[in-house]
Protein chains: 2
Amino acid sequence: MSEGGLQPVLVAGQWRAARHAVGAFQPLNPATGEPLPERYPTSGREDMLAALEAGHAAAAALAQTPPEPVAAFLERFADLIEARRDELVQRAHVETGLPAEPRLGTTELPRTTNQLRQAAAAVRDRAWRAPVIDTRANIRAMHAPLGGPVVVMGPNNFPFAFNSVAGGDFAAAIAAHNPVIAKANPGHAGTTRLLAELAFQAVREAGLPEGTVQLLYQLPPALGLELVAHPLVGATAFTGSKAAGLQLKAAADAAGKPIYLEMSSVNPVFILPGALDERLDAIAGEFYTSCTMGAGQFCTNPGLVILPGGELGERFVQAAAERFAAGAPGVLLGAKGLAGLNAAVQALVAHGAQVVTGGQPLPGPGFRYANTILRATGAQFLADPAALQMEAYGPVSLLVLAESGDAMRAIAEQVEGSLTGTIYSHTGGQDDVAYDRLAPILRPRVGRLLNDKMPTGVAVSAAMNHGGPYPATGHPGFTGVGIPAAIRRFTALYSYDNVRPHRLPVELQDRNPTGHLWRLVDGAWTQGDVPAG
Amino acid sequence: MSEGGLQPVLVAGQWRAARHAVGAFQPLNPATGEPLPERYPTSGREDMLAALEAGHAAAAALAQTPPEPVAAFLERFADLIEARRDELVQRAHVETGLPAEPRLGTTELPRTTNQLRQAAAAVRDRAWRAPVIDTRANIRAMHAPLGGPVVVMGPNNFPFAFNSVAGGDFAAAIAAHNPVIAKANPGHAGTTRLLAELAFQAVREAGLPEGTVQLLYQLPPALGLELVAHPLVGATAFTGSKAAGLQLKAAADAAGKPIYLEMSSVNPVFILPGALDERLDAIAGEFYTSCTMGAGQFCTNPGLVILPGGELGERFVQAAAERFAAGAPGVLLGAKGLAGLNAAVQALVAHGAQVVTGGQPLPGPGFRYANTILRATGAQFLADPAALQMEAYGPVSLLVLAESGDAMRAIAEQVEGSLTGTIYSHTGGQDDVAYDRLAPILRPRVGRLLNDKMPTGVAVSAAMNHGGPYPATGHPGFTGVGIPAAIRRFTALYSYDNVRPHRLPVELQDRNPTGHLWRLVDGAWTQGDVPAG
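Everything numeric in this text was worked out from a predicted model, so none of it was measured.

Things to note about the overall build of chain A
- Per the secondary structure count, chain A includes 15 helices and 21 strands.
- Taken over C-alpha atoms, the radius of gyration comes to 24 Å for chain A, in line with the 24 Å a tight globule of 533 residues would show.
- The C-alpha extent of chain A, read off along each of the three principal axes, is 75 × 65 × 40 Å.
- Classification of the 533 residues of chain A by burial places 62% in the buried group.
- Partitioning the intrachain contacts of chain A with sequence separation of at least 6 by distance along the chain shows that 74% fall at a separation of at least 24.
- Within chain A, the 46 negative side-chain charges are centred at a point lying 6 Å from the centre of the 40 positive side-chain charges.

Quick look at the interface of chain B and chain A
- Taken together, the contact pairs 62 residues of chain B with 62 residues of chain A.
- With both chains or domains summed, chain B and chain A bury close to 5100 Å², and 52% of this area falls on carbon and sulfur atoms.
- Counting the contacts that link chain B with chain A gives eight salt bridges.
- For Asp432 of chain A, the salt bridge goes to Arg503 of chain B, with nearest N and O atoms at 2.9 Å.
- Our enumeration of links across chain B and chain A arrives at 44 residue pairs in polar contact (both at pLDDT 80 or more).
- Of all the elements in the fold, those that place two or more residues in the side of chain B that touches chain A are strand S5 (132–134), strand S6 (139–145), helix H8 (242–254), helix H14 (432–442), strand S18 (446–451), strand S19 (491–497) and strand S21 (524–526) of chain B.
- Take the side of chain B that touches chain A: its biggest share by element is seven residues, from S19 of chain B.
- Taken together, the residues of the side of chain B that touches chain A sort by class into 30 nonpolar, 20 polar and 12 charged.
- Relative to S18 of chain B, strand S19 (residues 491–497) of chain A is paired through three bridges, and the arrangement is parallel.

Looking at helix H9 (residues 273–292) of chain A
Residue and element names in this part refer to chain A.
- If you check H9, its first and last C-alpha atoms are just 24 Å apart, much less than what 20 residues at 1.5 Å a residue would give, namely 28 Å.
- Along H9, the sharpest kink reaches roughly 100°, centred on Arg279.
- A positive phi of about 60° marks Gly294, the residue just after H9.

What to know about the sheet that holds strand S21 (residues 524–526) of chain A
- What the 12 strands build is an open sheet, ordered S21(A)-S20(A)-S5(A)-S6(A)-S19(A)-S18(B)-S17(B)-S12(B)-S13(B)-S16(B)-S15(B)-S14(B); its pairing is mixed. Taken across any chain shown, the strands that pair with only one partner, and hence form the sheet edges, are S21 of chain A together with strand S14 (354–357) of chain B. The average undirected angle you get between the axes of adjacent strands in this sheet is 25°.
- Both strand S20 (residues 519–521) of chain A and S21 of chain A contribute to a ladder of three bridges, which runs antiparallel. Counterpart to Arg519 of chain A in the pairing with S21 of chain A is Thr526 of chain A.
- Set on the sheet, helix H10 (residues 311–326) of chain B makes contact with strand S12 (268–271), strand S13 (304–308), S14, strand S15 (372–377) and strand S16 (396–402) of chain B; between it and S15 of chain B the angle comes to about 160°.

Focus: the relation of the copies chain B and chain A
- For the match of chain B to chain A, the screw axis carries a shift of 0.0 Å, the RMSD comes to 0.0 Å, and the turn is 180°. Taken together, the turn and the small shift mark the pair as related by a two-fold rotation axis.
- The residues that chain B uses at the interface reappear at the interface of chain A in 100% of cases, marking a shared surface.

Remarks on the side chain of Arg448 of chain B
- Take Arg448 of chain B: it is sitting in strand S18.
- The buried category is assigned to Arg448 of chain B, whose relative accessible area is 0%.
- Engagement of the side chain of Arg448 of chain B in a polar contact is seen with the backbone oxygen of Pro455 of chain B, the distance being 3.0 Å.
- If we skip the residues at most four places from it in the chain, Arg448 of chain B touches Ser495 and Asp497 of chain A together with Thr300, Leu419, Thr420, Gly421, Arg443, Pro455, Gly457, Val458, Met464 and Asn465 of chain B.

Side note on the side chain of Asp169 of chain A
Residue and element names in this part refer to chain A.
- Following the sequence through the fold, Asp169 ends up in helix H5 (residues 168–175).
- For Asp169, a relative accessible area of 9% translates into the label buried.
- Within the local environment of Asp169, its side chain forms a polar contact with the side chain of Arg489, the two groups lying 2.8 Å apart.
- Residues in contact with Asp169, not counting those within four places in the same chain, are Val152, Ala237, Thr239, Gly480, Arg489 and Phe490.

A word on the confidence of the model for chain A
- Averaged over every residue, the pLDDT of chain A is 96; the share at 70 or more is 99%.
- If you check the scores for this complex, the pTM reads 0.97 and the ipTM reads 0.97.

Observations concerning the packing of aromatic side chains
- Scanning the entire structure with this criterion turns up 26 aromatic pairs over all chains.
- Relative to Phe324 of chain A, the ring of Tyr288 of chain A has its centre 5.6 Å away and its plane inclined at 70°; by these criteria the two rings are edge-to-face. Here the residue Tyr288 of chain A occupies a position in helix H9, and Phe324 of chain A occupies one in helix H10 (residues 311–326), the gap between them amounting to 36 residues. Of the two residues examined, Tyr288 of chain A and Phe324 of chain A, each falls in the buried class.
- Put simply, the rings of Tyr260, Phe478 and Phe490 of chain A together with Tyr260, Phe478 and Phe490 of chain B pair up and form one aromatic cluster.
- The ring of Tyr260 of chain B has Arg489 of chain B lying over it, and the distance from NZ or CZ to the ring centre is 5.9 Å.
- Residue placement shows Arg503 of chain B over the ring face of Tyr435 of chain A; its charged tip is 3.5 Å from the ring centre.

Brief notes about the packing of helix H2 (residues 67–83) of chain A against helix H6 (residues 189–206) of chain A
All names here are of chain A.
- Where H2 meets H6, the axes come as close as 8 Å, and the angle between the chain directions of the two elements is 140°. Here H2 lies oblique to H6, going by the angle between them. Along this stretch, H2 crosses H6, giving a crossing that reads as right-handed. Side by side, H2 and H6 meet where Pro69, Phe73, Arg76, Phe77, Leu80 and Ile81 of the first sit next to Leu195, Leu198, Ala199, Gln201, Ala202, Val203, Glu205 and Ala206 of the second.

Things to note about the sheet that holds strand S18 (residues 446–451) of chain A
- Taken in spatial order, the 12 strands line up as S14(A)-S15(A)-S16(A)-S13(A)-S12(A)-S17(A)-S18(A)-S19(B)-S6(B)-S5(B)-S20(B)-S21(B) in an open sheet, and their pairing is mixed. Of all the strands in the sheet, just strand S14 (354–357) of chain A together with S21 of chain B have a single pairing partner and so form its edges. Averaged over all adjacent pairs, the angle separating strand axes in this sheet is 25°, with direction ignored.

Section: the nonpolar core
- By size, the foremost hydrophobic cluster in this structure holds 265 residues, and its most contacted members are Phe73 and Phe77 of chain A together with Phe73 and Phe77 of chain B.
- If you tally residues by element for this core, the top one is helix H6 (residues 189–206) of chain B, at 10 residues.
- In this structure, Phe77 of chain B is in contact with Leu116, Val165, Ala166, Phe170, Leu195, Leu198, Ala199 and Ala202 of chain B, ignoring residues within four places of it in sequence.
- Judged by nonpolar contacts, the second largest core, of 32 residues, contains Ala141, Ala161 and Trp525 of chain A together with Met464 of chain B.

Here we look at the packing of helix H3 (residues 85–96) of chain B against helix H4 (residues 100–125) of chain B
All names here are of chain B.
- Orientation of H3 relative to H4, taken along the N-to-C sense of each, is 125°, at an axis distance of 10 Å. Our classification of the angle between H3 and H4 gives oblique. Considering how the two elements wind past one another, H3 and H4 form a crossing that is right-handed. Between H3, through Arg85, Leu88, Val89, Ala92, His93 and Thr96, and H4, the contact on the second element is made entirely by Ala100, Glu101, Leu104, Gly105, Thr106 and Leu109.
- Residue composition of the contact of H3 with H4, grouped by class: six nonpolar, four polar and two charged.

A closer look at unusual backbone geometry
- Omega for the peptide link from Tyr470 of chain A to Pro471 of chain A comes to 5°, which places this bond in the cis form.
- Within the fold, Pro471 of chain A resides in the loop between S18 and S19.
- The omega torsion of the bond from Gly364 of chain B to Pro365 of chain B falls at 5°, within 30 degrees of zero and hence cis.
- Structurally, Pro365 of chain B is set in the loop between S14 and S15.
- Even without being glycine, Asn138 of chain B reaches a positive phi, approximately 55°.
- Overall, the relative accessible area of 29% leaves Asn138 of chain B in the partly exposed class.

Remarks on the pattern of salt bridges
- With the rule as written, the count across this model stands at 56 salt bridges over all chains.
- One salt bridge in this structure joins Arg45 of chain A and Glu226 of chain A, with 2.4 Å as the shortest N-O distance. With Arg45 of chain A in helix H1 (residues 45–63) and Glu226 of chain A in helix H7 (residues 221–228), this pair connects stretches of sequence that are 181 residues apart.
- Since its relative accessible area comes to 28%, Glu226 of chain A is described here as partly exposed.
- When the shortest N-O distance is used, the salt bridge between Arg279 of chain A and Glu278 of chain A registers 2.7 Å.
- Through salt bridges with shared partners, a single ionic network connects Glu278, Arg279 and Asp452 of chain A together with Arg500 of chain B.

A closer look at the pairing of strand S15 (residues 372–377) of chain A
All names here are of chain A.
- Strand direction decides the pairing type here: S14 and S15, joined by three bridges, are antiparallel. By the bridge assignment for S15, Gln354 is matched with Arg375.
- In terms of strand pairing, S15 meets strand S16 (residues 396–402) through six bridges, oriented parallel. Within the sheet, the bridge partner assigned to Arg375 lies in S16 and is Leu399.

Parameters and conventions
- Residues numbered from 1 in each chain as written.
- Chains lettered and ligands numbered in written order.
- Predicted model: local features only at pLDDT ≥ 70, side-chain atom pairs only at ≥ 80, totals over all residues.
- Heavy atoms only, no water.
- Helix = DSSP H or I, 4+ residues; strand = E, 2+ residues; numbered from the N terminus.
- Rg over C-alpha atoms; globule rule 2.2 N^0.38 Å.
- Buried < 20%, exposed > 50% of the residue type's maximum accessible area, 1.4 Å probe, protein only.
- Contact = heavy atoms within 4.5 Å.
- Lys, Arg positive; Asp, Glu negative; His and termini not counted.
- Charge placed at Lys NZ, Arg CZ, Asp CG, Glu CD.
- Buried area = accessible area lost by both parts, 1.4 Å probe.
- Salt bridge = Lys/Arg side-chain N within 4 Å of Asp/Glu carboxyl O.
- Polar contact = N/O pair within 3.5 Å; in protein donor to acceptor, adjacent residues only side chain to side chain.
- Nonpolar A, V, L, I, M, F, W, Y, C, P; charged D, E, K, R; others polar.
- Pairing = 2+ DSSP bridges.
- Expected span 1.5 Å × (residues − 1).
- Bend = angle between axes of the 7 residues up to and from the residue.
- Axes fitted to C-alpha atoms, helices over the stretch in contact; angles between N-to-C directions.
- Least-squares fit on C-alpha atoms with pLDDT ≥ 70 in both.
- pLDDT = per-residue confidence, 0-100.
- Phe/Tyr/Trp six-rings, centres within 6.5 Å; stacked < 30°, edge-to-face > 60°.
- Lys NZ or Arg CZ within 6 Å of the ring centre and 35° of its normal.
- Parallel < 35°, antiparallel > 145°, perpendicular 65-115°, else oblique.
- Left-handed = near helix turned anticlockwise from the far one by under 90°.
- Core = buried A, V, L, I, M, F, W, Y, C linked by side-chain atoms within 4.5 Å.

Here it is in structure tokens:
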């Protein structure tokens, strides 16, 4: 506990009191609505500038650091997280209301340490650098760190796996030898502080620059905009609301600073008639599980389901509604989320959607919302597609009963950029004609196209795209999950033209530095040395 | 010749008069200052929307088109350009004042057809898709076209190699199966029209959608901003002035549309003492050639040279000035460029730079500026680094005489993002200590680092980076030259999760579609099939 009863920030290798803090906040336990004991500072410009300067110095040093200490840091950090598992899970549970088990302890924490270890492996194998060697022109190129710290602003819904310290963006930024300035999500400030303590211990043990990991808890909005646009910053990764994301994007864009955003996504699910005919109950069950998991607070939550109207469609609505009504509603992450969710549902209703089940907040203590299904006709959706695909961040989905296959495709044409899009079809091929007409419409509107599977699982795979067209993200070519692709966001392309051999980075010298680094040499991928001229 | 004496636009597969044109323009011959005979329309919203709709339809069709017709188009286009070589060279010469030989006919036109043929090869080999297959998770990903047309706005200085039709951005956008809406550079509207005629002939012969290539000559500024931000657009590639680029960037960014910019760059050249001692005259000669080539109107022109003060530095200034004064000044691209160049030189002088030779416009006819060397001390530069690294787009360079190695490094720390950075050093190693201290400062500030070589040559190499940190471009991770990297700008990342095998794009199916496509399968690059599970 630091002066004034406020938790300390981590700046320039020091856990110290915020300097000239401009405010303070005290999180609530969302399951009870009661305040938690700790109070955290809202930092002012002095902390921000100190973090930027230390981060900038660390960036220069990390760019010259060989892979081994960076990889060792990531692995040691993962070990330390596991050693403090119970404390972390308990803290995150109290701060977020997410179930300690299996969600936090068995699912999310191991996913997080797995990501850190995958990142460590990527640091060692260096594939993210994607070296390209043109021996004829004597030009060589590879990806390299950005030259400035990466600001990570994590979301409220994954206190471990997308945490500003320890989450996917953190791991990816570090893997490319960039320092991180973490801006905690205020909803789990204590979890983040604990993670930062472990990270900083690992930084010291690995001998990395002390500015490699820094932590602030909160900044006034104007200062957040200044931070992402600051000349010393390398890039920013933000996951959160569209409103906040767009403001940060405008500020970073105006300064020419890369910013990677994950904002909102309704993740449309199309169910073709044959699939309903074949396995209506099974799909209803998968839908219920996917939509209510984590109290629906997933970026890949299926918020919009398009299915054929008529008898089968009505039966699906009924089957889903029964499950939603019977299921125990989870605890939401906070009061703000509850208010926003209720407003979103009210807005959908105001635009003609009809409540099938749920549709209102639940009595306290704590923050909960009824599992909710809304319905609308295809004609209603097509009359006001923007309003009827507004994200409702919680256990809520809108079922659109399309009047025909043509209506279904017309709806697909109105779908905004989303992280995922799913098509369920008959396993025997009865829907193949409809699929072949629908998929080309849906494909360019989503980052990940799924068949016969709800979108909430996001595997940490090299082939994952946790990204998608605007407004799901800010650029359709990048993914926030998956190694090494996610690392590439935090890199610059460095070309070396006629640079003398001994001055080249080892990854671009003739000799393969690891004996197994994949390099594109004169058009062919190889793990070998560059053949002697 | 179309109605009203205005040249026709190419929209939706038709050469037709601009509809409700909002203005017209008539280019000048920059060598004489006399107007050229043709007049061109400034298009209004009607042409723009028609082009967007046709481009959008073409995008959907091209996404489903196999590689062969796209590759055939690019090759046929290259053939047609060569068949009309003399006419193209003469037209470009008259419009730009660039020498017909060797510049246009022997250097730039073959470079352009070479780029088109490299793009055709890339279409066939499909390496730009960078397929990734994770057999364990059953997720597969690759890059794909954007789903909307790419707007290409080419610069004035390369009527062929960076032309909105036929240049590097055009070739890269088409290679990823995107249609192009070309906005001609008004300075060579006739060359562009001729190229578009050939391109459209090739489109028809290859059987591509008629909206694959479209041409407008000019838009009012507000409409240009609307175009790059339009929902139907896939992305924009712009090469030109920083002022125009930043306006377009703001508009595209606000709409979440990718935009790739190449704006301004001073391309600093550092000459270390040993290099001067060893080969002062040779470097002065290379510098003269590089800085005055194409009348200095290259994006990689060496506009800022940092060298040691003292006797050697003075001798270099003298040797360079003699060459600059003796060389025949080339014709500039236009009146606007001449005025801008003169204003830039005056601004440098106003901030303390001293004219060594040149420094004024030359008498007509036509648009020419004296080959110009300016000088300043390191202290002067460090007192006002922003003003003294303003780009002067022409045969102009500022020599900064640094008082010490420390001063040289301090100057490097003030260099803004640039396409290139060069260090000349002694071949025997006398400068190695200084190099090792300077290079890490310069490296993150430039896209391409050169040794012992002026930056104006931009090889079309897979290892090229014709890009760099802001404000040279809008993102440090992309290159505008080099295949396949340049193609990746115009792609979205598509992931396929649990998609049934026969529904996958052929590039992601188990069988390697060409027998030699490089794919990352379970972590290893291979040209083989996916092994049977």
